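# Secondary and tertiary structure notes
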Amino acid sequence: MNPPFDPSFGGYRHFARPGTTKLPLFRGAPLIGGETRNFLDVALYVANQLFLLRGLVGPEVTPALLFPSFLLIPALGVLDRTLFLVARAEHYYVVLVCMTVAAANDLWIAGAKLTWCFIWFWAAASKLNSHFPSVIMFMMNNGPFFPHFLKKRLFAHFPDDLRASRFATLMAHFGAASEAAIPVVLLTAAATDNDLLRIAGCLLFTGFHGFIGINNPNGMPVEWNILMIYGGWFLFGFHPEARLSDLTQMPLLLAALLLSLAVVPTIGNFFPSKVSFLL
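All of the points below concern the structure found in this document.

Basis of the calculations
Residues numbered from 1 in each chain as written. Predicted model: local features only at pLDDT ≥ 70, side-chain atom pairs only at ≥ 80, totals over all residues. Heavy atoms only, no water. Helix = DSSP H or I, 4+ residues; strand = E, 2+ residues; numbered from the N terminus. Rg over C-alpha atoms; globule rule 2.2 N^0.38 Å. Buried < 20%, exposed > 50% of the residue type's maximum accessible area, 1.4 Å probe, protein only. Contact = heavy atoms within 4.5 Å. Areas by Shrake-Rupley, 256 points an atom, 1.4 Å probe, with all protein chains shown as cover. Lys, Arg positive; Asp, Glu negative; His and termini not counted. Charge placed at Lys NZ, Arg CZ, Asp CG, Glu CD. Axes fitted to C-alpha atoms, helices over the stretch in contact; angles between N-to-C directions. Parallel < 35°, antiparallel > 145°, perpendicular 65-115°, else oblique. Left-handed = near helix turned anticlockwise from the far one by under 90°. Nonpolar A, V, L, I, M, F, W, Y, C, P; charged D, E, K, R; others polar. Salt bridge = Lys/Arg side-chain N within 4 Å of Asp/Glu carboxyl O. Phe/Tyr/Trp six-rings, centres within 6.5 Å; stacked < 30°, edge-to-face > 60°. Lys NZ or Arg CZ within 6 Å of the ring centre and 35° of its normal. Expected span 1.5 Å × (residues − 1). Arc of directions from axis to C-beta. Polar contact = N/O pair within 3.5 Å; in protein donor to acceptor, adjacent residues only side chain to side chain.

### Section: the overall build of the protein
Each helix and strand in the protein was counted, giving 12 helices and 2 strands. Here the protein has a C-alpha radius of gyration of 21 Å; the compact-globule value for 279 residues is 19 Å, and the two agree. Counting all 279 residues of the protein, 37% fall into the buried class. Taking contacts inside the protein between residues at least 6 apart in sequence as the whole, the part at least 24 apart equals 63%. Total accessible area on the protein is roughly 16000 Å²; 70% of this is exposed by carbon and sulfur atoms. Measuring between centres, the 18 positive side-chain charges of the protein sit 9 Å from its 15 negative side-chain charges.

Structure representation (structure tokens):
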């Protein structure tokens, strides 16, 4: 069945239309604190999309091309916190910052590696809860490639008891452990200059994210799993020479990365009502 609207996606149109709802950082402040989008919101959003498009079609991605978005994305976050989260700023913007301020000496690769490692760590940590087995239960039941004869085993007693079974719980724990192991394997490989271990780590994250992607998870941004594979191979597979210790050459960038990747998510885990799950 086709969705009752055309085209079947509307996010970019929502953010580009005056009068649509938003969640400002400073509610009630003149010009920037309204609960509906005004022409300033729309103009800055459209400008950022055009700058990103320019970088996408340009012959080379340079700091000069990224600098407008380096400024605009946090500004858009002040105007609308939802838009900041939609931009996946906890991941994409952090790497964009590295590419903007540390491209001259290729330190951005080390910064991106640190980002990838923390993303894996916190994604694994987010699975350490009582409801993730239910997520696995429905994801695998919806997966077109998951063996049909195993699908009923995901439930405690199908169709009378639709709670997650021990099998689903085991899969959930295995997934969390696998994701937590990815940065450990890759960082160990980098510390020991072990190429076989490095390739093993790359194959591990490829299998992990590929498995999620092909099972068509409900509500999951599959594009993110593809990026984690592509970025992981580029960063760890093809650039083993870039080490996290290189970031000490730019202490301000390292401090900003640790604030964004370690401090903010830690606070969010203790005060989830104050800090978004994405952050």
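### Observations concerning the packing of helix 6 (residues 107-126) against helix 11 (residues 222-237)
Between two packed helices, the angle of one axis relative to the other and the distance separating the axes together describe the packing. Put simply, helix 6 and helix 11 touch, their axes get as near as 10 Å, and they point 135° apart. The angle between helix 6 and helix 11 falls in the class oblique. When you trace helix 6 past helix 11, the crossing you get is left-handed. Between helix 6 and helix 11, the residues in contact are Trp108, Ile109, Ala112, Lys113, Trp116, Cys117, Ile119 and Trp120 and Trp224, Leu227, Met228, Gly231, Gly232, Phe234, Leu235 and Phe236, respectively. Among the residues making up the contact of helix 6 with helix 11, the classes are represented as 13 nonpolar, 2 polar and 1 charged.

### Quick look at the pattern of salt bridges
Here the structure, examined in full by the defined rule, presents 8 salt bridges. In this structure, glutamate 179 engages lysine 127 in a salt bridge whose closest nitrogen and oxygen atoms are separated by 2.7 Å. A residue pair is termed long-range when its members are at least 10 positions apart, and glutamate 179 in helix 9 (residues 166-192) and lysine 127 in the loop between helix 6 and helix 7 (132-142) qualify at 52 residues. A single burial state applies to glutamate 179 and to lysine 127, both of which are buried.

### Focus on the packing of aromatic side chains
Considering all chains together, one arrives at 10 aromatic pairs under this definition. Arranged with centres 5.4 Å apart and planes meeting at 45°, the rings of phenylalanine 155 and phenylalanine 158 form a pair that is tilted. Put simply, the rings of Trp120, Phe205, Trp233 and Phe236 touch in pairs and so form one group of aromatic residues. A cation sits over an aromatic face here: arginine 153 above phenylalanine 167, 5.0 Å from the ring centre.

### Notes on unusual backbone geometry
Here the bond from phenylalanine 158 into proline 159 is cis, since omega is 0°, no more than 30 degrees from zero. Within the fold, proline 159 resides in the loop between strand 1 (155-157) and strand 2 (161-164). Backbone geometry places arginine 88, a non-glycine residue, at a positive phi of 50°. The topology assignment puts arginine 88 in the loop between helix 4 (81-86) and helix 5 (89-101). Even without being glycine, aspartate 193 reaches a positive phi, approximately 55°. On the secondary structure map, aspartate 193 appears in the loop between helix 9 and helix 10 (195-214).

### Comments concerning helix 2 (residues 39-57)
End to end, helix 2 covers 27 Å across 19 residues, agreeing with the expected 27 Å (1.5 Å per residue, within 8%). Where helix 2 is concerned, the buried positions are Asp41, Val42, Tyr45, Asn48 and Gly55. When helix 2 is viewed along its axis, its buried side chains cluster within an angular range of 160° and face the same direction. Helix 2 presents Phe39, Leu50 and Val57 as exposed residues on the side facing more than 90 degrees away from its buried surface. Capping the start of helix 2, asparagine 38 holds a side-chain oxygen 3.0 Å from the backbone nitrogen of leucine 40, two or three residues further along.

Any functional reading would require information beyond the geometric quantities listed.
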